[in-house]
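An overview of the molecular structure
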Amino acid sequence: MNPGFSFLHPGLALGLIGVSAPIIIHFIFRRRARTVPFPAMRFVLLAYQKVARKLLVQEYLLLAARCLMAALLALAVAGPLWSKVVSGLVRGEKPLAVMFVFDTSLSMTRDAGGATLFDRARERADEWLGQLQGADRVGAVDGVRLTDTGVALSPDDLREKISEMRPAHAPARLPEAVSLAASRLADVQGRERMIIVFTDLQRTSWTGAVSRPDLLPPVYIIDMAGKLAPRNVAVTGLAISWKSLARDEAAHLRATIANFGRDPVARALVRVEAGGAAVAQGFVDIPAGQSVEKDFTLTEVPAGAGRVTVELQDGMTGDNAAWFHLRGGQEVRALVVDGEPGSGALESETYFLGQALNPRLYTRSRIVPREVTATGFANLPLVEYQVLVLANVDKLDAKTVERVKEFVTNGGGLLLTLGGRVNEDNYNAMWGDLLPRELRGIKTSYAGAQAGGEIRPMHIEPPAADAELHPILAVFRDPGQADLGLAEFQKYFLMQQEIVPRTRVILRLTDGAPLMVEGAYGRGKVIVFASTADHGWNDLCVHPTYLPLMQQTVQYLGNALMGEDTGRTAAGSLVEIPADSDVTGASALGPDGVVRKGELVEEEMNRRVRIPDTDLPGVYYVKLGRAGRPAPAKVDPADADRVLALNVAPEESDLGRLTPEEISARAGGKAKSLAPDAPLNPESPEALETKPLAGLMLTLLLVFALAERALTRKG
Amino acid sequence: MTSPAFMDPELLRRIQTLELKAREVADGALLGIHHAPQRGRSLEFAEHKEYSPGDDIRRIDWKLFAKSDRIYVKEYEDDTNVSALVLIDGSASMSYAGRDGVSKLDYARTLAATLSFLLLTQSDAVGLGVIGQGLSDFLPPRSRQAHFHEIVHRLAALEPRAGTDIPKALGDLIPLVRGRAMALVFSDFLDDPEPMLRSLRLLRHRRHEPVLFQVLTPEELEFPFERLSHFQDLESPLRLLVDPRSIRAEYKKHFDEFLSAVRAACSGHGIDYQLARTDDPPARLLSNWLSFRTGTTGARARRRS
């Protein structure tokens, strides 16, 4: 049987001659019409002229309906059949073992006439599964996640698995997926093997080559995109810069928007949202195949998640938005307690600290410090403050200590700077577990016996290049801008070494002694600066780095440290966070509201937490479990240790395609590219799908009969 | 009256039939067709009129003159000396017979003969005219009983001819009639009604009294045909292939509008109008019409007194 229209009983199709019957009857009736002499012809003519056009149309419609009815009846009796070539599977004597590889990358979510490319691929796979027989075995591989079902499934079981598959936002790794499919088929004996890959031939999904192409069975690459025009605009990059550390100042956001299509895009609306509200917008013109940068000045941006969106209905909308996260920036009220007030301003323990926290420049500082003496501090309520600084404060009464502990427990920040008035024993006893580490005693940095009593000052050790930088030190990332190592430290307190790490060392001196240590207490944070805040034991306060260090420290303690994540991490990629020695695990709250449990990975000296299930672009809030405590089951975004904005990998937005020859080369010449409706083997008996049309004809006949009846009644 | 010796036997039969029919119908109808509007010399006093030169001095009311010192003449209502003219449409369209086989012409003939009989019975003068392309076969009004046979003979011998021109026929009539006359017009009036009504108004203006009998078959009124047919005009070559069901509503709408227009025009100009359906028994139709007319003329008389 050939594809196309045919009949079960072709002889009966001669009944089509009956189509002429209504026309013949029509003319016979006209000829046999009797003549009626009639006097009032004036009125007959008038009436006829009024309805003549309508009558003519009705007459033709009636005639057409009757002819069609005759034709449909003749066709229905002859048993009409419609046959089309479907993509039949190559079938020999043996049962089949087929691995389907699905390109589940974002580009497969493009619309292809009312359904996505991925949906079309699923439908095509379903058709082929329908052609398989009981003894055949099948399996599927997810081209992005590189997970597979094995090859032992029946077609029905695989249908269920395929229906559960979802496209990701990440690029596919199809050479690896094909290799995985081949390895599964390698174990199968006694069957005809083949791999069918559903892909849009996106270049970024085919980086690399299939391993061991010599072991590959026939690979059919089904090109789902076909002639679909590559039309895509994407936000491929975001950069945020803070204008200054001062309050009321703006941030700059630069969005990079790329046009991967062949046509230029004019006046595309770019919108910036933050805190759930639109904060800025503008238009961009993007030439074909190029990218443009759009700058936005953001004022009073609320902290939290935000995104930049290109409002455009292009081929792929999944990459039209890029997420970012802003934090900090709010005002911090700090109570600074001077433990050694001097007679003059310069002699005061907190003079330099007060100047650093509120430098009184051209604009207001984000920190509002209030300086008091230790005596005055005893009667002050702490609820108005976010940060408490105790500078070289000696022994406090038990009640005040309790108030401070309660303050920190409730989320306040405490900065302890030390000095001559501090006695380590009293201090350790007074603060107890509030202190990140117990104090051991004062160290004066002498040059050694050979140098007599000469002091050899210590310097701040620059952080290791590959170490994770503490947020306080983010501003010192570029040593060319400010070098902490220039300050000299003559005296400082030594702290107890920890056997089980519970605290985090922010800064060390060149002799390895911790200079700045952070510990957690309740919901708050405590930082101990092991030297004086003034020039008593060091000269840090006269170096330019003093101001940003103290500003950053107090803002950090007040949870107001400005920072951003502009989504440089790709959604769907391996997301790992460096973990200090005290980290026990992590919980991550995703944009879908689901908390993922992070997995602690320890490889030699490299500890990190791996966050699973990061397919979805958006902002993830990570809370680390520390100091023997596991990661919490719930994550409060306001209390997150890390915030990650994950976006679609920019390369996934590029819809550039490979040629069939390039694909074939990547599979050692064993791959054959085909259109979705092309048969794998037209000679296969299953390649011709036949549908009887008699039912359809009879239904149409009924419809026309009703129409004829309606027209007759109307006439 | 023409000698019956060489008359067509069929015509003779038709004459006899028509005479019989007329008398039969007349028996069934009421007597007293009219109250003569002409002031004349009968005994029934109508009204006084101020004397003007030319008035018959014998009619001066001298008693009133003695009382009022002004000269009045008496006027009387005369119910005996009316002239009636029966005008019958002899066009081809009048030959149309409905399903009951009664042609409009036959029906009109019966009515005309019956009314002639009734009028002559009341000693009124009756004349006859045939409406064709003009007025033909005119028979002046006479009140002799023998005149009835002449009228019946002419009616029976009437053969329908091609077209009609009612306005011309009425125009032809005017110089032939002296004094006031009642013009009983029997036609289907299927032509353009406007010129015809204009002529009737003219007739009315000349103080004649036109009475229209519009003779129509039920088929013309209701268009009850069902089958696809060629409809052929009776007075022209016009021929249409039509499915009558598809145009019935529209036909009736136009026809009803036409009838309403004729009726309204007649009513507006004081012209008596009577629709004569050929399926209506002539006796009943005339009886109804006469009752209506008696009421109307009585009312007129009352208004005058």
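The text that follows walks through the structure, step by step, so that each part is easy to find. Treat the numbers as computed from the prediction; the structure is a model and nothing was measured.

1. Concerning the overall build of chain B
When you go through chain B residue by residue, the secondary structure sums to nine helices and ten strands. Going through the 305 residues of chain B one by one, you find that 49% of them count as buried. Excluding contacts between residues fewer than 6 apart, the proportion of contacts in chain B whose partners are at least 24 apart in sequence is 75%. Counting only carbon and sulfur atoms, one obtains 53% of the accessible surface of chain B, whose full area is about 14400 Å².

2. Observations concerning helix H5 (residues 166-173) of chain B
All names here are of chain B. If you check which residues of H5 are buried, you get Ile166, Ala169, Leu170 and Leu173. Each buried residue of H5 sits inside an arc of 95 degrees when the element is viewed along its axis, so together they form one side. Lining the buried residues of H5 we find strand E3 (83-89), strand E4 (125-131), strand E5 (135-142), strand E6 (181-187) and helix H6 (193-205).

3. Let's talk about the interface of chain B and chain A
In this assembly, 31 residues from chain B lie in contact with 23 residues from chain A. Here chain B and chain A share an interface that buries about 2600 Å² over both sides, 72% of which is from carbon and sulfur atoms. Looking only at chain B, the three residues that lose the most surface to chain A are His230(B), Leu240(B) and His254(B), adding up to 17% of its buried area. Linking chain B to chain A there are zero salt bridges. Taken together, the links from chain B to chain A amount to seven residue pairs in polar contact (both at pLDDT 80 or more). Mapped onto the side of chain B that touches chain A, the elements with two or more residues apiece are helix H7 (218-222), strand E8 (229-233), strand E9 (239-242) and helix H8 (244-268) of chain B.

4. Quick word on the sheet that holds E3(B)
All names here are of chain B. Overall, mixed pairing links the six strands, which are arranged E5-E4-E3-E6-E7-E10 in an open sheet. Bordering the open sheet on either side are E5 and strand E10 (272-277), each of which pairs with just one other strand. Neighbour to neighbour, the strand axes of the sheet diverge by 15 degrees on average, direction disregarded. As paired strands, E6 and strand E7 (residues 209-216) are joined by six bridges and run parallel to one another. Residue pairing in the sheet places leucine 184 in a bridge with valine 211 of E7. Of the strands in this sheet, E3, E4, E5 and E6 touch H5, which is tilted by about 40 degrees from E5. Sheet strands touched by H8: E7 and E10. Its angle to E7, the strand with the most contacts, is close to 165 degrees.

5. Considerations on the pairing of strand E13 (residues 304-311) of chain A
If a strand is regular, its side chains alternate between the two faces of the sheet. Residue and element names in this part refer to chain A. Across six bridges, the pairing between strand E10 (residues 265-274) and E13 is antiparallel. Residue pairing across strands places valine 270 opposite valine 310, the latter belonging to E13. Summarising the sheet, E13 and strand E14 (residues 321-327) pair through six bridges and their orientation is antiparallel. The partner of arginine 307 across the bridge, within E14, is tryptophan 323.

6. A look at the pattern of salt bridges
Residue and element names in this part refer to chain A. If you walk through the whole model with that rule in mind, you get 39 salt bridges over all chains. Here aspartate 295 ties to arginine 254 by a salt bridge, and the two come within 2.7 Å at their closest N and O atoms. Of the two residues, aspartate 295 is situated in strand E12 (residues 291-298) and arginine 254 in strand E9 (residues 251-259); the sequence distance between them amounts to 41 residues. Of the residues examined, aspartate 295 reaches a relative accessible area of 45% and is grouped as partly exposed.

Quick notes on the rules
- Residues numbered from 1 in each chain as written.
- Chains lettered and ligands numbered in written order.
- Predicted model: local features only at pLDDT ≥ 70, side-chain atom pairs only at ≥ 80, totals over all residues.
- Heavy atoms only, no water.
- Helix = DSSP H or I, 4+ residues; strand = E, 2+ residues; numbered from the N terminus.
- Buried < 20%, exposed > 50% of the residue type's maximum accessible area, 1.4 Å probe, protein only.
- Contact = heavy atoms within 4.5 Å.
- Areas by Shrake-Rupley, 256 points an atom, 1.4 Å probe, with all protein chains shown as cover.
- Arc of directions from axis to C-beta.
- Buried area = accessible area lost by both parts, 1.4 Å probe.
- Salt bridge = Lys/Arg side-chain N within 4 Å of Asp/Glu carboxyl O.
- Polar contact = N/O pair within 3.5 Å; in protein donor to acceptor, adjacent residues only side chain to side chain.
- Pairing = 2+ DSSP bridges.
- Axes fitted to C-alpha atoms, helices over the stretch in contact; angles between N-to-C directions.

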